[in-house]
Amino acid sequence: MNEPIRRIAITTGGGDAPGLNAVIRAAVLSAIQLGWEVFGIRKGYAGLLGEDTIIPLDPQAVRGITHLGGTILGTTNRGDPFSWPVHVSDGIITADRSDEVIRAFRRLGFDALIAIGGDGSLQIANELFKKGLPVVGVPKTIDNDLAATQVTFGFNTAVETATDALDKLHSTAESHERVFVVEVMGRHTGWIALHAGVSGTADVILLPEIPYDLKKVCEKIEMRYLTGRNFAIVVVAEGALPAGGSASYAEDAVAGRDKRYGGIADRLAHEIHRQTGRETRSLVLGHLQRGGSPSAWDRLIALRF
Ligand code: F6P
């Protein structure tokens, strides 16, 4: 028979997303009702590895945080205990510190872990589970790119933020008769681009799932000007790529799972200007999409998680 649960830990890992605090609060209040003790591991697994702290989470600690963006526990996307960055004299190497995580978890008397994370953090949680740690995963990411769940919290707020930006761009695009290329997040998926693009009535929406043809993009833009709509809004997912071409990456991107996208809006704006002669501007919404208060919808799904 399994031992009854008495003491649990919560961690938030990877990029932050609106709704993290709502999940933490809901989990803490539910656990306390069951008579369990709850602790927060700061900054992913750093708290378990002696590089940050472990904090008690009681009702007072989670009071008034549902509407706050970010995470009261802190987070990192450089916190994989299986590949932990270690500073040495001539640079940074990585070390597998997963056994230390498990030992610290047991030493502290935790019976289970709630890991709130996206694909990277939940893969790590799954590896820890395989090594014997009892884990419950909560699917978080603005990208909405996780398998085995229909939707992740954070996505709805990011779509609202991007849609609001598109609404605001319409008036300036129209006044100046310009083309605007707006880059939204999503990594290798186009969920944010598709949802914000449709609700913000973009003229062209480019997704990583459907490599684009620049000629068709320019034809569509020209058609708008020919029919008297003298501006155009193009929404491009950061991971979008031309047919037969490659995606754009941030200049400081390093190879591997964490390779960051960036630059597609600028690249596309130049190409559209070259081909159409239309005055074109680019805009990267970036981390704005991860910030701010979670939408009511994200709060509700976060509380249910
Ligand atoms: O996964 C969430 C996300 O915001 C992606 O949409 C984006 O590509 C990436 O994280 C950016 O990561 P960083 O926090 O390293 O800039």
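Everything that follows concerns the structure shown earlier in this document.
As the structure is a prediction and not an experimental result, all values here were calculated from the model.

A. Representation of the pattern of salt bridges within the structure. All told, the structure shown has 17 salt bridges when counted by the stated rule. Note that Asp16 and Arg290 form a salt bridge whose closest N and O atoms lie 2.9 Å from each other. Of this pair, Asp16 sits in the loop between strand E1 (7–12) and helix H1 (20–33) while Arg290 sits in the loop between strand E11 (280–284) and helix H8 (296–304), and the two are 274 residues apart along the sequence. For Arg97, the salt bridge identified is with Glu100, shortest N-O distance 2.9 Å. On the basis of relative accessibility, which here comes to 31%, the residue Glu100 falls in the partly exposed class. Counted as one network, the salt bridges with shared partners bring together Asp119, Asp143, Asp145 and Arg187.

B. Focus on the site of the ligand. Taken together, Asn77, Ile142, Asp143, Met185, Gly186, Arg187, Glu238, Arg260, His287 and Arg290 make up all the residues around the ligand. At 2.6 Å from an oxygen atom of the ligand is found a side-chain nitrogen or oxygen belonging to Asp143. The separation between an oxygen atom of the ligand and a polar side-chain atom of Glu238 is 2.5 Å. Here the ligand, which alone exposes 400 Å², has 82% of that area covered by the protein.

C. View of the packing of aromatic side chains. By the definition in use, this model includes 5 aromatic pairs. Ring centres 5.7 Å apart and planes at 50° place the aromatic pair Phe39 and Phe110 in the tilted group. Within this pair, whereas Phe39 is found in strand E2 (residues 37–41), its partner Phe110 is found in the loop between helix H2 (98–107) and strand E6 (112–117), the two being separated by 71 residues in sequence. Given a relative accessible area of 14%, Phe39 falls into the buried group. Ring geometry for Phe153 versus Phe305: centroids 6.2 Å apart, planes at 55°, classification tilted. Residue Phe153 is found in the loop between strand E7 (135–139) and helix H4 (155–176), and its partner Phe305 is found in the segment after H8; the two are separated by 152 residues along the sequence. Here Phe153 falls in the buried class, since its relative accessible area comes to 0%. Within the aromatic cluster, the residues linked to one another by ring pairs are Phe39, Phe105 and Phe110. We note Arg224 situated over the ring of Phe231; from NZ or CZ to the ring centre the distance is 4.8 Å. If you follow Arg278 out to its NZ or CZ, it ends over the ring of Tyr225, 4.0 Å from the centre.

D. Quick look at the sheet that holds strand E10 (residues 232–237). An order of E9-E10-E8-E11 is seen for the 4 strands of this open sheet, with the pairing classed as parallel. Across the chains shown, the open sheet's two edge strands, defined by having one partner strand only, are strand E9 (204–206) and E11. Each strand axis lies, on average, 15° off the axis of its neighbour in the sheet, ignoring direction. Both strand E8 (residues 179–184) and E11 contribute to a ladder of 5 bridges, which runs parallel. Note on E11: the bridge partner recorded for Glu183 is Val284.

E. Fine view of the layout of surface pockets. Its volume calculated, the second largest pocket comes out at about 190 Å³. If you trace the second largest pocket, you find 15 residues lining it, with Ile8, Trp36, Leu113, Ile114 and Val136 closest to the centre. For the lining of the second largest pocket, the elements supplying multiple residues, two or more each, are H1, E6 and E7.

What counts and how
- Residues numbered from 1 in each chain as written.
- Predicted model: local features only at pLDDT ≥ 70, side-chain atom pairs only at ≥ 80, totals over all residues.
- Heavy atoms only, no water.
- Salt bridge = Lys/Arg side-chain N within 4 Å of Asp/Glu carboxyl O.
- Helix = DSSP H or I, 4+ residues; strand = E, 2+ residues; numbered from the N terminus.
- Buried < 20%, exposed > 50% of the residue type's maximum accessible area, 1.4 Å probe, protein only.
- Near = heavy atom within 4 Å.
- Polar contact = N/O pair within 3.5 Å; in protein donor to acceptor, adjacent residues only side chain to side chain.
- Areas by Shrake-Rupley, 256 points an atom, 1.4 Å probe, with all protein chains shown as cover.
- Phe/Tyr/Trp six-rings, centres within 6.5 Å; stacked < 30°, edge-to-face > 60°.
- Lys NZ or Arg CZ within 6 Å of the ring centre and 35° of its normal.
- Pairing = 2+ DSSP bridges.
- Axes fitted to C-alpha atoms, helices over the stretch in contact; angles between N-to-C directions.
- 1 Å grid on protein atoms, 1.4 Å probe; cavity = no way out; pocket = protein on both sides within 12 Å on 5 of 7 lines; lining within 4 Å.
- Points joined across faces, edges and corners; volume = space filled by probe spheres on them.

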